[in-house]
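# Structure assessment
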Amino acid sequence: MAGWNTDRIPDQHGRIAVVTGANSGLGLVTATELARKGARVVFAVRDTAAGAEAARKVGGDTEVRELDLASLDSVRAFAAGLVSDHPVIDLLVNNAGVVLLGPRRISADGFELQFATNMLGHFTLTGLLLGTLSKAAEPRVVSLSSITHKSAHLDFEDLMSERDYRAAPAYGRSKLATTVFGVELDRRLRAAGSPIASVLAHPGLTRTNLTPRAWEHRGRLGRVIAWLGLLATQSVEQGASPQLRAATEPGLSGGEFFGPAGLFETRGRVTEARLGREAADPAVGKRLWSAAEELTGIRYL
């Protein structure tokens, strides 16, 4: 489908969409377009004041709920409240993420913060919402990958990067894990005969608020590096297009992966993207799934 754009998004009236990290960046664009097409959009955000301000500007049918993906207690509380108020959910967009290029940090549960937020939080959230999603007519889960997943490697002896921590590889590992999760979720949903489709997308190199935040630990030099990095990126609106297509294109059966078509998948029109070798390996998927279940206490499929 050459030239895909948001005008192709079908009417979303009657659908409930949950978007993590919806108050800024890719999540805000995604939430905005879904609301513009008529969906009731749940802004699942850590900062509810910022979420409320974003939702006010978006307009449409929205609600704001607190979700800190780096805290499994917060994820459980969010899911319980959401399911209580919304017995049927049509779409879950696992968009939120962190990029930290400073010293190693840990989550409330003692996990490396990037891995905890980008993968384990979404693994837990998805598991807790599967039953509610399965009641929808055309339910879908979208996992946000990154081109960094292709050069990353999962060290199952050190998933929390406790040995020789380097921030950039740790981020790539977290996004590889997120990608493996989306692919393995598709395998398991198909095997279970579930109506839920698990699809993936990545934004290429996109101009979001994560870029300057990633370098803030470097002070003035970090601000310069972040500014130079922003020059090489595409707009956040273009970067959100792959996940919007993944979220809304009719007829997807699961396992599809969308990203930018141009310059080594860094920018441009939306097309089908290629998984890295490790992300596509069923043995890696099975092993990561077992590890995630052990770490989070969540068991499903």
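Structural data are supplied above this passage.
Residues numbered from 1 in each chain as written. Predicted model: local features only at pLDDT ≥ 70, side-chain atom pairs only at ≥ 80, totals over all residues. Heavy atoms only, no water.

### Some remarks on the overall build of the protein
Counting its regular elements, the protein contains 9 helices and 8 strands. Residues counted as buried form 56% of the 301 residues belonging to the protein. Taking all contacts inside the protein whose residues are at least 6 apart in sequence as the whole, residues at least 24 apart take part in 72%. (Helix = DSSP H or I, 4+ residues; strand = E, 2+ residues; numbered from the N terminus. Buried < 20%, exposed > 50% of the residue type's maximum accessible area, 1.4 Å probe, protein only. Contact = heavy atoms within 4.5 Å.)

### Quick look at the pattern of salt bridges
Per the stated rule, a full pass over the model turns up 16 salt bridges. Put simply, glutamate 184 and arginine 188 hold a salt bridge, and the shortest N to O gap is 2.7 Å. Linking glutamate 184 with arginine 188, this pair stays in helix α5 (residues 167-192), spanning 4 residues, or about one helical turn. Under the relative-accessibility criterion, glutamate 184 is labelled buried at 5%. Among the residues examined, arginine 188 registers a relative accessible area of 19% and is labelled buried. (Salt bridge = Lys/Arg side-chain N within 4 Å of Asp/Glu carboxyl O.)

### Let's talk about the sheet that holds strand β5 (residues 140-144)
Across a sheet, strands are paired by hydrogen bonds formed along the backbone, either parallel or antiparallel in direction. One open sheet accounts for 8 strands, arranged β3-β2-β1-β4-β5-β6-β7-β8; its pairing is mixed. Both outer strands of the open sheet, β3 (62-66) and β8 (267-272), are each paired with one neighbouring strand and no more. Direction aside, the axes of adjacent strands within the sheet are offset by 20° on average. Pairing analysis gives 4 bridges linking strand β7 (residues 257-262) to β8, with the strands arranged antiparallel. Residue proline 260 lies in a different strand from β8, and its bridge partner there is valine 270. Packed onto the sheet, helix α3 (residues 72-85) meets β1 (16-20), β2 (40-45) and β3 and runs at close to 150° relative to β3. (Pairing = 2+ DSSP bridges. Axes fitted to C-alpha atoms, helices over the stretch in contact; angles between N-to-C directions.)

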